[in-house]
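Structural overview
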Amino acid sequence: MNQELAVFWFRRDLRLDDNNALHKALTSGYNVLPIFIFDKNILDHLPQDDPRVTFIFETLQKLNVVLKQTYGSSIRLYYGSPETVFKKLISKFKIKEVYTNHDYEPYAKDRDAKIKELLNQNDISFRTCKDQVIFEKDEIVKADGTPYVVYTPYKNKWKENFTPSLLSPFDTKTHFNTLVKDIEYENVSLEEMGFIPATIKIPDYEVSPYLIQNYEATRDFPSIKNGTSRLGPHLRFGTVSIRSLIKKAIAEENEVFWSELIWREFFMQILWHYPHTVHKSFRPKYDRIEWRNNEEDFEKWKNGETGYPLVDAGMRQLNQTGYMHNRVRMVVASFLCKHLLIDWRWGETYFAKKLLDYDMSANIGNWQWAAGSGVDAAPYFRIFNPTTQITKFDKKLEYIHTWVKDLNELTYPSPIVDHKIARERCLKTYKQSVG
């Protein structure tokens, strides 16, 4: 192909509408070649039936149906390391520019720096855009330029800087005539990448006016079937635009729903400013904690066999569905770190493997919150009582009975630790370690 092209690289933005970098590519003056790379560096560490890989693959197939039928184009799918794929593209096409949306995770930043260098060596411009957040990086900082590490002042500054014009959608659809027409369709199957279709499916999200209006009343009770939006995976993979969601929150005048979306941006900018928090505590002294790290206890926690029904219900829900209710996540995480004195990194890693909505910044932020080691963290002496949490949030045991079928059977385990003894042990250990 001799024509000069722009490449658009899909990543965490799997949608055709309201997509910033896609819009920039389509209006660049070049014909646009859309691609997606199944990144070998990431995929090779995942189980072969990973539901997230199936979801990405199926979403791309759906987008391709639309592009093929309506515009005679398609997203070319590749499997390999991004550098290898781009070398192949450079040798095959006359590429002038590459467009993609920002990704803020440490691996992504390193990957993009390498791709930028490779493209520069070949006189190709690498243009990146903000798309998955309203404010990024250091756009919301204190007056002295340092990042916020407490949520409430961050949220207040976020709202001070917010204007409705930031929600203007990027009009992509009127420019799809600039997409490269298929001359040679490139695809890859799940099987060729070493995967099989997953049995666990990512459900559609629900953001009705009713859900937003009743969000405060329903979100803390895990037995309420549609009390939460199930937006997590869709925000993670960009099948929905953040601008459209903020717009809905404002239309329904719901501060709590809006605040949850701001929390997501808070954790993203924390990870961007403090990438060491992937492996280390935000508060360094918390890395001095002498964790017990009992592997037998960890296995029981993973399998939902702790003898604490709310903890077990949460873990069994996670293992069977790839989802756990947000309120229960707090109880489960606190139990691992404080009752069992197991390093938060163990729990974070397990959630990363299992959660359909796994997002590194939120997962690390919330686990460090539970352990008391992160930004805006719960103080270490705040220890959830997993039994009284049932009376507050699952009084009729509806959620527990859904997931702990053997609750009233002789097979159901006795508590692996006494709450009072565990609490005292935790307080003593933390006090000795962090003062």
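Residues numbered from 1 in each chain as written. Predicted model: local features only at pLDDT ≥ 70, side-chain atom pairs only at ≥ 80, totals over all residues. Heavy atoms only, no water.

**Observations regarding the environment of D287**
Following the sequence through the fold, D287 ends up in the loop between α11 (255-273) and α12 (295-303). Judged by relative accessible area, which is 34%, D287 ranks as partly exposed. In the structure, D287 is positioned 149 residues away from D138 in sequence and 27 Å away in space, judged by C-alpha atoms. Beyond its immediate sequence surroundings of up to four residues, D287 is in contact with K280, S281 and R345. Of the polar contacts made by the side chain of D287, one reaches the side chain of R345; its length is 3.1 Å. (Helix = DSSP H or I, 4+ residues; strand = E, 2+ residues; numbered from the N terminus. Buried < 20%, exposed > 50% of the residue type's maximum accessible area, 1.4 Å probe, protein only. Contact = heavy atoms within 4.5 Å. Polar contact = N/O pair within 3.5 Å; in protein donor to acceptor, adjacent residues only side chain to side chain.)

**So, the packing of aromatic side chains**
Overall, the coordinates contain 29 aromatic pairs when judged by the stated rule. Between W369 and F384 the ring centres are 6.5 Å apart and the planes differ by 40 degrees, which places this aromatic pair in the tilted class. Highlighted residues: W369 in helix α16 (residues 360-371) and F384 in the loop between α16 and α17 (388-393), separated in sequence by 15 residues. Each member of the pair, W369 as well as F384, is classed as buried. Here a set of aromatic residues connected by ring pairs shows up, and it is made of Y148, Y151, Y154, W263, F266 and F267. The residue whose ring lies beneath K159 is W258, and the NZ or CZ to ring-centre distance is 4.3 Å. Note that R230 overlies the ring of Y323, its terminal NZ or CZ placed 3.6 Å from the centroid. (Phe/Tyr/Trp six-rings, centres within 6.5 Å; stacked < 30°, edge-to-face > 60°. Lys NZ or Arg CZ within 6 Å of the ring centre and 35° of its normal.)

**Regarding unusual backbone geometry**
Peptide bonds are trans in most cases, and residues, glycine excluded, mostly fall at negative phi. A positive phi angle, close to 50 degrees, is found at N293, a residue other than glycine. Looking at the element boundaries, N293 is found in the loop between α11 and α12. A positive phi angle, near 60 degrees, is found at L397, a position not held by glycine. Since its relative accessible area comes to 27%, L397 is described here as partly exposed.

**Comments concerning helix α3 (residues 51-71)**
The terminal C-alpha atoms of α3, which comprises 21 residues, lie 29 Å apart, in line with the 30 Å expected from a rise of 1.5 Å per residue. Within α3 the residues assigned to the buried category are P51, R52, V53, T54, F55, I56, F57, T59, L60, L63, N64 and L67. Buried positions along α3 lie against β2 (31-39), α2 (40-43), β3 (76-80), α9 (232-237) and α15 (344-354). Backbone geometry just downstream of α3 places G72 in the positive-phi region, at approximately 65 degrees. (Expected span 1.5 Å × (residues − 1).)

**Focus on the pattern of salt bridges**
Going through the model one piece at a time under the given rule, you end up with 23 salt bridges. Between R12 and E105 there is a salt bridge whose closest N-O contact spans 3.2 Å. Separated by 93 residues along the polypeptide, R12 in the loop between β1 (4-10) and α1 (20-26) and E105 in the loop between β4 (94-101) and α5 (106-121) bring together distant segments of the chain. The burial state of R12 is the same as that of E105; both residues are buried. With its nearest N and O atoms 2.9 Å apart, the salt bridge here joins D406 to R316. You can see D406 sitting in the loop between α18 (398-403) and α19 (419-434) and its partner R316 sitting in helix α13 (residues 309-321), a full 90 residues away along the chain. You'll find D406 and R316 in the same group, each marked buried. In this structure, a network of salt bridges that share partners links the residues R11, R12, D103, E105, R111, D112 and D359. (Salt bridge = Lys/Arg side-chain N within 4 Å of Asp/Glu carboxyl O.)

**Notes on the nonpolar core**
Among the nonpolar cores identified, the biggest contains 51 residues, and W301, M315, M324, V332, F351, W367 and Y430 are the most heavily contacted of them. For this core, the secondary structure elements donating two or more residues are α12, α13, α14 (326-339), α15, α16, α18 and α19. No other element matches the seven residues that α14 contributes to this core. Once residues lying within four places of it in the same chain are set aside, the contact partners of W367 are W301, A333, L336, C337, W344, G347, E348 and F351. In this structure, F8, F36, I75 and I202 belong to the second largest nonpolar core, which totals 33 residues. (Core = buried A, V, L, I, M, F, W, Y, C linked by side-chain atoms within 4.5 Å.)

**Some details on the packing of helix α10 (residues 242-251) against α11**
Direction vectors running N to C along α10 and α11 enclose 150 degrees, while the axes themselves pass 8 Å from each other. As far as their axial angle goes, α11 and α10 are roughly antiparallel. Of α11, the residues touching α10 (which contributes I242, L245, I246, A249 and I250) are F257, W258, L261, R264 and E265. The residue makeup of the contact of α10 with α11, split by class, is eight nonpolar, no polar and two charged. (Axes fitted to C-alpha atoms, helices over the stretch in contact; angles between N-to-C directions. Parallel < 35°, antiparallel > 145°, perpendicular 65-115°, else oblique. Nonpolar A, V, L, I, M, F, W, Y, C, P; charged D, E, K, R; others polar.)

**Topic: the environment of D418**
Mapping D418 onto the fold places it in the loop between α18 and α19. Taking the relative accessible area as the measure of exposure, D418 reaches 41% and is therefore partly exposed. In this structure, the C-alpha to C-alpha distance between D418 and P47, residues 371 residues apart in sequence, is 35 Å. Within polar-contact distance, the side chain of D418 engages the backbone nitrogen of K420 at 3.1 Å.

**A look at the sheet that holds β2**
Note on sheets: strands pair through backbone hydrogen bonds, and any given pair is parallel or antiparallel. Spatially, β3-β2-β1-β4-β5 is the arrangement adopted by the five strands of the open sheet, whose pairing is parallel. If you trace the sheet from one side to the other, it starts and ends with β3 and β5 (125-129), each paired once. Going across the sheet, the axis of each strand differs from the next one's by a mean of 30 degrees, ignoring polarity. Examined bridge by bridge, β2 and β3 share five bridges and lie parallel to one another. The partner of I35 across the bridge, within β3, is R76. Taken strand by strand, α3 contacts β2 and β3, and its axis lies near 160 degrees from that of β2. Strands in contact with helix α4 (residues 82-92) are β1, β2, β3 and β4; relative to β2, the strand with the most contacts, it is inclined by about 150 degrees. (Pairing = 2+ DSSP bridges.)

Take it as geometry only, folks, not as evidence of what the structure does.
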